[in-house]
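# Results of the structural survey
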Amino acid sequence: MAQLLISAARPKQFPETSQQEIVFVGKSNVGKSTIINGLTNRKNLAYVGKTPGKTRLVNFYEIDENLMYVDVPGYGYAKRSVKEQEQYAVLMEAYFSEREQLKGMVVIIDCRCDISDDDLMMIDLAKQKKLACIICLSKSEKISYSKLKQQSMKIGRMTGLPVYSFDSKTMDKFELIKQEIDKWTSEN
């Protein structure tokens, strides 16, 4: 059963667990909450907001006794104050330097957008930390199948990573992503 374990505002609040963790990263309002809800088959586990910048905490979702999904604040949201941006940087630095049980990263990109420098920075971080990593294109219902396929191939060639797509309505797409994550967490 999936449940929100804690929303941490400071590194001291990160839970002390031995569960493997999968972190979900991407720009503000890209669909991190949607993918977590889709992967857990729970409509309202993670809050889905229409306004960018709603996730300001590190949310830890306990999936089972072996796995935790972690939703971090989105990057690139311009309306955050300098102080909020500094707090975000401290939170992210602590998360990525302290979490030894981190197994993989899911980088979420809006399928209508090109890959950003921030996305590439997160992919580089995953490589440095030797994390399994995939890219998931969100909002796939917003463009044609042929454009989605072109975008998937372009980003796949550019990064060398597997690329999946999803939307909030097609549950079978989440199953493919879940299978990939299951492979990461079964490789102990």
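Residues numbered from 1 in each chain as written. Predicted model: local features only at pLDDT ≥ 70, side-chain atom pairs only at ≥ 80, totals over all residues. Heavy atoms only, no water.

## Examining the overall build of the protein
Each helix and strand counted, the protein has 5 helices and 7 strands in total. The linear arrangement of helices and strands in the protein, starting from the amino end, is β-β-α-β-β-α-β-α-β-α-β-α. Each of the 188 residues in the protein was classed as buried or not, and the buried ones make up 50%. Considering only intrachain contacts with a sequence separation of at least 6, the fraction spanning at least 24 residues in the protein is 72%. With an accessible surface of roughly 10,200 Å², the protein has 50% of that area assigned to carbon and sulfur atoms. (Helix = DSSP H or I, 4+ residues; strand = E, 2+ residues; numbered from the N terminus. Buried < 20%, exposed > 50% of the residue type's maximum accessible area, 1.4 Å probe, protein only. Contact = heavy atoms within 4.5 Å. Areas by Shrake-Rupley, 256 points an atom, 1.4 Å probe, with all protein chains shown as cover.)

## So, the sheet that holds strand β5 (residues 102–110)
On the basis of which strands lie adjacent, the open sheet formed by 7 strands has the order β1-β3-β4-β2-β5-β6-β7 and mixed pairing. The open sheet terminates on both sides in strands that have one partner only, identified here as β1 (3–8) and β7 (163–165). Shown here is a sheet whose adjacent strand axes are inclined to one another by a mean of 25°, direction ignored. Running at roughly 155° to strand β6 (residues 132–138), helix α4 (residues 145–159) makes contact with β5, β6 and β7 of the sheet. (Pairing = 2+ DSSP bridges. Axes fitted to C-alpha atoms, helices over the stretch in contact; angles between N-to-C directions.)

## Side note on the nonpolar core
The biggest cluster of nonpolar side chains holds 33 residues, and the ones touching the most others in it are F96 and M105. Sorting the residues of this core by element identifies β2 (20–26), β3 (58–64), β4 (67–71), α2 (82–98), β5, α3 (117–128), β6 and α4 as the ones contributing at least two each. The element best represented in this core is α2, accounting for 6 residues. Counting residues in hydrophobic clusters, the runner-up holds 23 residues, among them V30, Y61, Y164 and F174. (Core = buried A, V, L, I, M, F, W, Y, C linked by side-chain atoms within 4.5 Å.)

## Some words on the environment of T40
Mapped onto the secondary structure, T40 falls in helix α1 (residues 32–40). C-alpha of T40 to C-alpha of A2: the two residues are 38 residues apart in sequence and 6.6 Å apart in space.

## Some remarks on the environment of R99
Considering the arrangement of structural elements, one finds R99 in the loop between α2 and β5. Sequence spacing of R99 and P15 is 84 residues, and the spatial spacing of their C-alpha atoms is 9.9 Å. If near-sequence neighbours (up to four positions away) are discounted, R99 is found in contact with F14, P15, T17, E21 and F60. Within the structure, R99 has its side chain in polar contact with the backbone oxygen of P15 (distance 2.9 Å). (Polar contact = N/O pair within 3.5 Å; in protein donor to acceptor, adjacent residues only side chain to side chain.)

## Here we look at α4
One turn of the α-helix equals 3.6 residues, which is why residues spaced by three or four share an orientation. Over its 15 residues, α4 runs 21 Å from end to end, which matches the ideal 21 Å to within 8%, given 1.5 Å per residue. Inspection of α4 places L148, Q151, S152, I155, G156 and T159 among the buried residues, and these make up the whole buried set. One face of α4 carries all of its buried residues, which in axial projection span an arc of 130°. The outward face of α4, more than 90 degrees from its buried face, is lined by the exposed residues K147, Q150, R157 and M158. Packed against the buried residues of α4 are β5, α3, β6 and β7. Two residues or fewer after α4 comes G160, characterised by a positive phi angle close to 75°. (Expected span 1.5 Å × (residues − 1). Arc of directions from axis to C-beta.)

## Focus on α1
Most of α1 is tucked away, with 9 of its 9 residues classed as buried. Downstream of α1 by a residue or two, N41 has a phi angle that is positive, lying close to 55°.

## Topic: the side chain of S116
Within the element layout of this structure, S116 appears in the loop between β5 and α3. Sequence-distant contacts of S116, defined by excluding residues within four places in its chain, comprise K27 and Y75.

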